[in-house]
Amino acid sequence: MSIAPRVVVVHRRTELDDLLARHGTRGQAAFFLASRGRSLDEVDRRNEAVQAALTAVGSGIPVEWRRAVVERADLDRFLFVPEDIVAVVGQDGLVANVAKYLDHQPVIGVDPEPGRNAGVLVRHSPAQFAAVLRDVAEGAASYDPRAMVEAALDDGQSLVALNEIFVGHPTHQSARYRLHSDDAEERQSSSGLIISTGTGATGWCQSVWRQTHSSLVLPEPSEPRLVWFVREPWPSPATGTSLSEGDLTTGSSLRIVAETDGLVVFGDGIESDRLTLSWGQEVKISLATRRLRLARPTEPAALAA
C-alpha cells in the first residue's frame, strides 16, 4: 500500500500576531496603532483574510493525506522530503523564503489577498487550491521552472536564492575585493554587487538596471541566465570601474575575492541568513543546478470540471 501524499503548508505570522506578541493585549495593540493614525480594524481584516485562506487550503487537502504546517521562522529547522507538495500561503516574498530549502518539490502559491499582493509567485486564489492540488497529485499540472542563483565559498559553504544574491559590506562602508569575470580581473571598491535571476529582475535588480541606464537585456524568470551589477564602483589609483555589469549563463561564473574582512553574502534580502567572507576568501556565483518548480494556474475549464 502506497503512502498518502504529504502537503506542507507554509505561512508567516500576520501583523496581528506580531502586534499581540509585542503589546500583550488587543487593547494595547489598538492604542499603539491609534497613536500612529492607524486602526486595528485594518489589521483584523488582513488577519481574517489569511486565516480564511489557510482554512480553505486545509479543507482542500484530502482527509486521508498527510499534512504539515510550517511558519516562516521555522523553515531552517523543517525537513522537506522529495515527495512533498508545498503550499505557500502569503505574499510573493514567502515563496522566495521557502524556495532555497526545496529541491524540485512542486510549489503552489496561494494569495490570501488577491488584488493587494502582486501575485507574481502566489498565483492561485484560495478557492482554486483544491483543483490545482488535484492536478499536481495526478501529474496533470504544468509548471514554471524558475531559475535560481547559487553562491559557493571556497570553504564549502553555499546558499541559493530565487531573486538575487548580494555581496558587500554589512554596513555602509565600501566593500573592497577583486572581481573575476571570464578572463578579466579588476580590483574594486563599491557598495557591493547584485547578481539576479529573471524572477528578481522585477525588483532590486531592476532599480539598479534603471539607475545605471544599462543596455543589458534582463532575463525572463525561467531563462537559465543571470545578470550582475556593481553598485557605485569607485575609481581610484588602486581600484577600477571597467567591470560593472554582465550576465552569466550555464557553465559560467563570477568570482569575488574579499580584500576586506567581514564581507557578507546573502540572498533574497534575508541578511540574517548569510555567509561571511574573511580577507582573501573567494565566493563563486553561478546558476544553481536546482530550480523552483512553481505550479501554473489551472485553466478555468479545469476548475469548473
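Residues numbered from 1 in each chain as written. Predicted model: local features only at pLDDT ≥ 70, side-chain atom pairs only at ≥ 80, totals over all residues. Heavy atoms only, no water.

**Q** Before we go on, may I ask you to explain the overall build of the protein in this structure?
**A** Looking only at helices and strands, one finds seven helices and 18 strands in the protein. A globule of 305 residues ought to have a C-alpha radius of gyration of about 19 Å, and the protein, at 22 Å, matches this closely. Along the longest, intermediate and shortest principal axes, the C-alpha atoms of the protein span 65 × 55 × 35 Å. Counting across all 305 residues of the protein, residues that qualify as buried make up 48%. Put simply, of all contacts in the protein between residues at least 6 apart along the chain, 68% involve residues at least 24 apart. Of the accessible surface of the protein, which amounts to about 14,900 Å², a share of 50% is contributed by carbon and sulfur atoms. Between the averaged position of the 31 positive side-chain charges in the protein and that of its 40 negative side-chain charges there is a distance of 3 Å. (Helix = DSSP H or I, 4+ residues; strand = E, 2+ residues; numbered from the N terminus. Rg over C-alpha atoms; globule rule 2.2 N^0.38 Å. Buried < 20%, exposed > 50% of the residue type's maximum accessible area, 1.4 Å probe, protein only. Contact = heavy atoms within 4.5 Å. Areas by Shrake-Rupley, 256 points an atom, 1.4 Å probe, with all protein chains shown as cover. Lys, Arg positive; Asp, Glu negative; His and termini not counted. Charge placed at Lys NZ, Arg CZ, Asp CG, Glu CD.)

**Q** Explain the confidence of the model for the protein to me, please; I cannot follow it from the model alone.
**A** A low pLDDT means the predicted coordinates there should not be read in detail. When pLDDT is averaged across the protein, the result is 92; 97% of the residues are at 70 or more. Low pLDDT, under 50, characterises residues 301–305; the stretch is placed with five contacts to residues that sit more than four places away or in other chains. (pLDDT = per-residue confidence, 0-100.)

**Q** Is there a simple way to explain the pattern of salt bridges in this structure?
**A** Pairing between side chains becomes possible if they bear opposite charge and their charged atoms approach one another. In the structure shown here, the tally under the stated rule is 20 salt bridges. A salt bridge links R46 to E113; the shortest N-O distance between them is 3.1 Å. Note that R46 is positioned in helix α3 (residues 40–60) and E113 in the loop between β4 (106–110) and α5 (129–137), a separation of 67 residues in sequence. One salt-bridge network, held together by shared partners, links R178, E185, R187 and E259. (Salt bridge = Lys/Arg side-chain N within 4 Å of Asp/Glu carboxyl O.)

**Q** Looking at this structure, how should I read the environment of L243?
**A** You can see L243 is positioned in the loop between β12 (225–230) and β13 (245–249). In sequence terms L243 and H180 are 63 residues apart; their C-alpha atoms lie 8.8 Å from each other. If sequence neighbours within four positions are ignored, L243 has contacts with L179, A184, E185, E186, Q188, W228 and V230.

**Q** I keep staring at the nonpolar core and nothing clicks. Help me out?
**A** Ranked by internal contacts, the top residues of the largest apolar core, which has 28 residues, are I165, I195 and I285. In contact with I165, other than residues within four places in its own chain, are V149, E150, A151, L159, L193, I194, I195, V265, F266, G267 and I285. V86, V122, V160 and L162 belong to the second largest nonpolar core, which has 23 residues in total. (Core = buried A, V, L, I, M, F, W, Y, C linked by side-chain atoms within 4.5 Å.)

**Q** Explanation requested: the sheet that holds strand β1 (residues 6–11) in the structure shown.
**A** Each strand in a sheet pairs with its neighbour through backbone hydrogen bonds, running either in the same direction (parallel) or in the opposite one (antiparallel). Taken in spatial order, the six strands of this open sheet run β2-β1-β3-β4-β18-β5, and their pairing is mixed. Strands with a single pairing partner mark the edges of an open sheet, and in this sheet they are β2 (66–71) and β5 (143–146). Taking each pair of neighbouring strands and ignoring which way they run, the sheet shows an average axis angle of 30°. Relative to β2, β1 runs parallel, the two being bridged by six bridges. The partner of V10 across the bridge, within β2, is V70. (Pairing = 2+ DSSP bridges. Axes fitted to C-alpha atoms, helices over the stretch in contact; angles between N-to-C directions.)

**Q** Where do I start with the pairing of strand β15 (residues 263–267) in this structure?
**A** Successive side chains on a regular strand alternate, one facing one side of the sheet and the next facing the other. Buried residues dominate β15, accounting for five of its five residues. The alternating pattern of β15 places L263, V265 and G267 and V264 and F266 on opposite faces, both of which are buried. Pairing of strand β8 (residues 164–168) with β15, which is carried by four bridges, proceeds in the antiparallel orientation. When the sheet's bridge partners are listed, G168 is paired in β15 with V264. With four bridges connecting them, β15 and strand β16 (residues 274–277) associate as antiparallel partners. From the neighbouring strand, F266 faces β16, where its bridge partner is R274. Count of turn residues in the β15/β16 antiparallel hairpin: six residues, of which D268 carries a positive phi of about 55°.

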